Amino acid sequence: MDPVSRRLLKELNDYQREAHNHPEIIELSPADDEDLTHWRATIAGLDQTPFQGGLWNLDVKIPHNYPMQPPTVKFITQICHPNVHFKTGEICLDLLKTAWSPAWTLKSTILAISLLLSNPEPSSPLNCDAANLLRCGDLVGYESMIRMYTQLFAMTEEDQ
């Protein structure tokens, strides 16, 4: 077994053993049993945030030289967030680019993305509309817009 597969299997086992400690991660696993370099994740919006009640699917692609290079992670479920491109799901997060370290795992990466939801960085936006609301100090407008898009794209009718 190659080193990347060995590392990914260890990360999967570690996550499954500790999954109860991270209720914001609903799922983190390979997309299918044949390819360990393609994973799916599902995260839940945290309570007391405008994302509360939403579920977002993420696509995780692991490079052949992981963990020396970061995975490519993007939102599959549409999300309105200053640091996520509304159409492509691309995520602007330093750890996915310049701040990556082999010490990061897929679990810690998904946790960082989950934390990004409630801690946006409007100074490096991929969604300028959402970022501009925060930059102008319109928190009510921002949270209303986030709740609307959460209900539209990340909640079932029963959840609303």
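Further up the page is the structure itself.
Below is a short write-up of the structure. All figures in this text were calculated on a predicted structure; none of them were measured in a lab. (Residues numbered from 1 in each chain as written. Predicted model: local features only at pLDDT ≥ 70, side-chain atom pairs only at ≥ 80, totals over all residues. Heavy atoms only, no water.)

All right, on to the environment of G45 then. Note that G45 resides in the loop between β2 (35-44) and β3 (55-61). Assessed through its relative accessible area of 10%, G45 is described here as buried. Each C-alpha atom of the pair G45 and W100 lies 24 Å from the other, and the pair is 55 residues apart in sequence. Contact partners of G45, with chain neighbours within four places excluded, come to F51, Q52, G53, G54 and W56. (Helix = DSSP H or I, 4+ residues; strand = E, 2+ residues; numbered from the N terminus. Buried < 20%, exposed > 50% of the residue type's maximum accessible area, 1.4 Å probe, protein only. Contact = heavy atoms within 4.5 Å.)

Once that is clear, we can look at helix α4 (residues 139-153). Given 3.6 residues per turn, any residue in an α-helix points the same way as the ones three and four places further on. Between its first and last C-alpha atoms α4 spans 21 Å; for 15 residues at 1.5 Å apiece the expected length is 21 Å, and the two agree. Of all the residues in α4, the buried ones are Y142, M145, I146 and T150. End-on view of α4: buried residues confined to an arc of 135°, all on one side of the axis. Opposite the buried face of α4, by more than 90 degrees, sit the exposed residues V140 and L152. The elements touched by buried residues of α4 are β3 and α3 (128-135). (Expected span 1.5 Å × (residues − 1). Arc of directions from axis to C-beta.)

Moving on, we get to helix α2 (residues 106-118). Burial of α2 is extensive: 10 of the 13 residues sit out of reach of the surface. The complete set of buried residues in α2 reads L106, K107, T109, I110, L111, A112, I113, S114, L116 and L117. Where α2 is buried, its residues contact α1 (3-18), β1 (25-32), β2, β3 and β4 (72-75).

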